[in-house]
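# Observations on chain architecture
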Amino acid sequence: MYHDFTSLLAGFYRKQLEKWRNDELLRQRQQQQQNYNYASQFIQEALTIIFSQCSLSHQLSPIAHQYDIIPYGFNVTQEDTVYYFLWSKKTSDVIGRPILDQIVDKMNCHIEFFRRQFYLSFSRLPSDDQILYVQLYPAIYNGFHIVDCIDKNTDIVLAVVFD
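Reference entry: report on the structure contained in this document. Within each chain, residues carry numbers counting from 1 in the order of the written sequence. Local features are withheld for residues below a pLDDT of 70 in this predicted model, meaning they are given only at 70 or higher, and side-chain atom pairs are given and counted only at 80 or more; totals for whole chains, interfaces and linings count all residues. To obtain the side-chain values, all non-hydrogen atoms of the structure were used and water was disregarded.

## Considering the overall build of the protein chain
Where we set the bar: Numbering of helices and strands starts at the N terminus; helices are DSSP runs of H or I of at least 4 residues and strands are runs of E of at least 2. Only C-alpha atoms enter the radius of gyration; for comparison, a globular chain is expected to reach 2.2 Å times N to the power 0.38, where N is the number of residues. Note on classification: 1.4 Å probe, protein chains only; a residue is buried when its accessible area is under 20% of the maximum for its type, exposed when over 50%, partly exposed between these limits.
Regarding its fold elements, the protein chain presents 4 helices and 4 strands. In the protein chain, the succession of α and β elements from N to C terminus is α-β-β-α-α-α-β-β. Here the protein chain has a C-alpha radius of gyration of 23 Å; the compact-globule value for 163 residues is 15 Å, and the former is much larger. With respect to the three principal axes, the spread of C-alpha positions in the protein chain is 80 × 45 × 25 Å. Residues classed as buried in the protein chain amount to 30% of the 163 residues present.

Written out as structure tokens, the structure reads:
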């Protein structure tokens, strides 16, 4: 009788432990997904702020608000997490690779210029306001850049990584 009870108790314990491990793994995956979603949102906001103030190509639609650049997923690699965004083109004409490479270079120049201006303003702020800026604009503060731009019918896909 004692042996049956301890076996039953041990089996119950193993099942509870396995359930806890599965629940914990699910919770960790959900937290990680939420972190990627937040990062994507921060990058989307930064791209909107930076690119709404400039014209990069006559082939791309102007950016008026945050939803002109749409999150399109992410890919976790060994080196980085790559975040993807869609940006509408004015026409469905194919943009060649050399033009896309020029657009990427222009984008990265605008991002870098904006970050320098951000840091100049940031350095003049009181420390309480600096904390607020870091919380409001983490992608700009931490830095990011465009690694690729891909033509996709009526949109281009931006591939972005944090610095």
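## Some remarks on the packing of helix 2 (residues 97–123) against helix 3 (residues 127–136)
The cut-off we apply is this: Here an angle of 0 to 180 degrees is reported between the N-to-C directions of two axes, which are lines fitted to C-alpha atoms, with helices fitted over the stretch in contact. Throughout, the term roughly parallel applies to angles under 35 degrees, roughly antiparallel to angles over 145, roughly perpendicular to angles from 65 to 115, and oblique to all others. Any two residues whose heavy atoms approach within 4.5 Å at even a single point are treated as in contact. Polarity classes work like this: nonpolar for Ala, Val, Leu, Ile, Met, Phe, Trp, Tyr, Cys and Pro, charged for Asp, Glu, Lys and Arg, and polar for all others, with Gly in that last group.
Between helix 2 and helix 3, the shortest axis-to-axis distance is 9 Å and the interhelical angle comes to 150 degrees. By the criterion of interaxial angle, the relationship of helix 2 to helix 3 is roughly antiparallel. Contacts between helix 2 and helix 3 involve Phe-118, Phe-122 and Ser-123 from the former and Gln-130, Tyr-133 and Val-134 from the latter. Residue classes in the contact of helix 2 with helix 3 are distributed as 4 nonpolar, 2 polar and no charged.

## Some details on unusual backbone geometry
The phi angle of most residues is negative, glycine excepted, and most peptide bonds adopt the trans form. In this structure, Asn-153 is a non-glycine residue whose phi angle is positive, near 55 degrees. Mapped onto the secondary structure, Asn-153 falls in the loop between strand 3 (144–152) and strand 4 (155–162).

These results come straight from atomic positions and should not be treated as a statement about function.
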